[in-house]
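# A structural walkthrough
Residue-level listing of the chains:
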Amino acid sequence: VTTTLSSWDGSTAPASVAAASPEVSYRCGLSWGDAGRTISLDGAAVNGAFDGAFVTGGGLNIGANSSPSRHLNGSIKGVQVYKDQLQDSILQELTA
């Protein structure tokens, strides 16, 4: 079973990167703001459009989407939140 790491802001096309396999540890990151949206997995980044409102009328799901049947089957070791949008190069460095 493989899963795609992706982000969706609710209106623009999802940004997806690589396929994640079970029993493997990954470093991933997501950045969004005026410069767009970037998702990074183990240092590989994909840019996507961003409509300016990531979370509308709900919460931010980490390890799941809004469907009750699609959740992360594993664990998340840590989460870091930054006040300002990270540059793509910094996001890639943090996830490499």
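Residues numbered from 1 in each chain as written. Predicted model: local features only at pLDDT ≥ 70, side-chain atom pairs only at ≥ 80, totals over all residues. Heavy atoms only, no water.

This brings us to the overall build of the chain. Each helix and strand in the chain was counted, giving 1 helix and 5 strands. What you see in the chain, going N to C, is helices and strands ordered as β-β-β-β-β-α. By the burial criterion, 22% of the 96 residues in the chain qualify as buried. Taking as baseline every contact in the chain between residues at least 6 positions apart, the subset at least 24 positions apart corresponds to 44%. Approximately 6900 Å² of the chain is accessible, and the part contributed by carbon and sulfur atoms is 50%. (Helix = DSSP H or I, 4+ residues; strand = E, 2+ residues; numbered from the N terminus. Buried < 20%, exposed > 50% of the residue type's maximum accessible area, 1.4 Å probe, protein only. Contact = heavy atoms within 4.5 Å. Areas by Shrake-Rupley, 256 points an atom, 1.4 Å probe, with all protein chains shown as cover.)

Here we take up a nonpolar patch on the surface. Taken together, the side chains of Ile-62, Leu-72, Ile-76, Val-79 and Val-81 present a nonpolar region at the surface, about 500 Å² in accessible area. Mapped onto the secondary structure, Val-79 falls in the loop between strand E5 (44–48) and helix H1 (88–95). A residue is classified by how much of its surface remains accessible, and Val-79, at 52% relative accessible area, is exposed. (Patch = residues over 30% accessible without salt bridge, like charges linked within 9 Å, V, L, I, M, F, W, Y side chains within 5 Å. Salt bridge = Lys/Arg side-chain N within 4 Å of Asp/Glu carboxyl O.)

So, on to the pairing of strand E4 (residues 36–41). Taken across its 6 residues, E4 has 6 buried, putting it largely inside the fold. The alternating pattern of E4 places Gly-36, Thr-38 and Ser-40 on one face and Arg-37, Ile-39 and Leu-41 on the opposite face, and all of these are buried. Judged from the 6 bridges that link them, strand E3 (residues 28–33) and E4 form a sheet pairing that is antiparallel. Note on E4: the bridge partner recorded for Gly-29 is Ser-40. (Pairing = 2+ DSSP bridges.)

The next thing to look at is the environment of Leu-41. Among the structural elements, Leu-41 can be located in strand E4. Judged by relative accessible area, Leu-41 falls into the buried class, the value being 7%. Taking the C-alpha atoms as reference points, Leu-41 and Thr-95, separated by 54 residues in sequence, lie 6.3 Å from one another.

Moving on: the pairing of E3. Covered by surrounding structure in E3 are Gly-29, Ser-31 and Gly-33 only, the residues Cys-28, Leu-30 and Trp-32 on the alternate face being uncovered. Counted along the chain from E3 to the antiparallel partner E4, the turn is 2 residues long.

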